[in-house]
Amino acid sequence: MTKKRIIRLFITVLIGVALAGAIAAYQIKDETAAAHKNSVVAKNFGGDFTLKNHLGETVTQANFDNQYRLIYFGFTYCPAICPTELQRISSVLKELGDKGNTIQPIFITVDPERDNVATMKDYVGLFHPRLIGLTGTTEQTDIVKKAYKIYAAKVQEEGMNDYTMDHSSFIYFMGPDNSLIRIFKTDDTIEQMIDVIKSYL
Ligand code: NI
């Protein structure tokens, strides 16, 4: 191949890649728009639970009836993912401004052994003034984990005294009627989240 042909081939490939990217971006946008309004992932998701909030008060699912919710399961000792996701919830609420006030952010621990009421109180305050931290006995958190289809397991790493937790990382957007509207994953951008949430408020 001559140098010119190589350059031409290179440019053709570049255009192809750019085009594929544009189509993919368009499809994602289209999918987001289509998923808006009146569509839910599951009706009557979750289920009842009895837990303690970070102020030590007993809380059940009924406490959140008629409220939009953003729920995240994790643990306070999590080095990276949990703080990132809670920060994202906080950013979404901030960006939504007054509309964001109609959404209740909730953090439920998958590590009740270490995350007692006092630990949860210190932790939730780092992210959002309205973030509610929920903990309980192992039996109580097992019930809520099962209801929300959350996987969590202790991991003891070699040479470490402390254990860590392997766990699912989803942000559940729930409606006032306990329907599961949307599951946000770690690769959903804040803009995509806002876009979806806004269309419901
Ligand atoms: Ni985590």
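Relevant structure appears above.
Parameters at a glance
Residues numbered from 1 in each chain as written. Predicted model: local features only at pLDDT ≥ 70, side-chain atom pairs only at ≥ 80, totals over all residues. Heavy atoms only, no water. Donors = N, O, S within 2.8 Å, 3.2 Å for Na, K, Ca; no water. Helix = DSSP H or I, 4+ residues; strand = E, 2+ residues; numbered from the N terminus. Buried < 20%, exposed > 50% of the residue type's maximum accessible area, 1.4 Å probe, protein only. Contact = heavy atoms within 4.5 Å. 1 Å grid on protein atoms, 1.4 Å probe; cavity = no way out; pocket = protein on both sides within 12 Å on 5 of 7 lines; lining within 4 Å. Points joined across faces, edges and corners; volume = space filled by probe spheres on them. Nonpolar A, V, L, I, M, F, W, Y, C, P; charged D, E, K, R; others polar. Pairing = 2+ DSSP bridges. Axes fitted to C-alpha atoms, helices over the stretch in contact; angles between N-to-C directions. Salt bridge = Lys/Arg side-chain N within 4 Å of Asp/Glu carboxyl O.

A closer look at the coordination of the nickel ion
Thinking step 1. The nickel ion binds to the protein through Cys78 (SG), Cys82 (SG) and His167 (NE2), with metal-donor distances spanning 2.1 to 2.3 Å.
Thinking step 2. Here the donor residues of the nickel ion share one chain and are spaced in sequence as C-x3-C-x84-H. Placement of the pair is Cys82 in helix α2 (residues 81-96) and His167 in strand β7 (residues 164-167), with a sequence separation of 85 residues. Each member of the pair, Cys82 as well as His167, is classed as buried.

Things to note about the environment of Gln67
Thinking step 1. Counting through the fold element by element, Gln67 comes out in the loop between β2 (58-60) and β3 (68-74).
Thinking step 2. Residues Gln67 and Gln104, spaced 37 residues apart in sequence, show a C-alpha to C-alpha distance of 6.8 Å.
Thinking step 3. Beyond its immediate sequence surroundings of up to four residues, Gln67 is in contact with Gln104, Met174, Gly175 and Pro176.

Let's talk about empty space enclosed by the protein
Thinking step 1. Enumeration over the complete set of coordinates arrives at 1 cavity of 30 Å³ or more.
Thinking step 2. Approximately 40 Å³ is the volume found for the largest cavity.
Thinking step 3. In terms of lining residues, the largest cavity is bounded by Phe49, Gln61, Phe64, Arg69, Ile71, Ile106, Ile108 and Tyr148.
Thinking step 4. Of all the secondary structure elements, the ones that give two or more residues to the lining of the largest cavity are β3 and β4 (103-109).
Thinking step 5. Considered class by class, the residues forming the lining of the largest cavity number 6 nonpolar, 1 polar and 1 charged.

Digging into the sheet that holds strand β1 (residues 50-53)
Thinking step 1. Read from one edge of the open sheet, 7 strands run β2-β1-β5-β4-β3-β8-β9, paired in mixed fashion. In this open sheet, the two strands that pair with only one neighbour each are β2 and β9 (180-184). Direction aside, neighbouring strands of the sheet carry axes that sit 30 degrees apart on average.
Thinking step 2. Examined bridge by bridge, β3 and strand β8 (residues 171-174) share 4 bridges and lie antiparallel to one another.

Re the pattern of salt bridges
Thinking step 1. On inspection of all chains with the given rule, the structure shows 4 salt bridges.
Thinking step 2. With a closest N to O distance of 2.9 Å, Lys154 and Glu113 form a salt bridge. Pair noted here: Lys154 is in strand β6 (residues 152-155) and Glu113 is in the loop between β4 and α3 (117-124), with a separation of 41 residues, a long-range link.
Thinking step 3. Looking at Glu113, the relative accessible area reads 57%, which means it is exposed.

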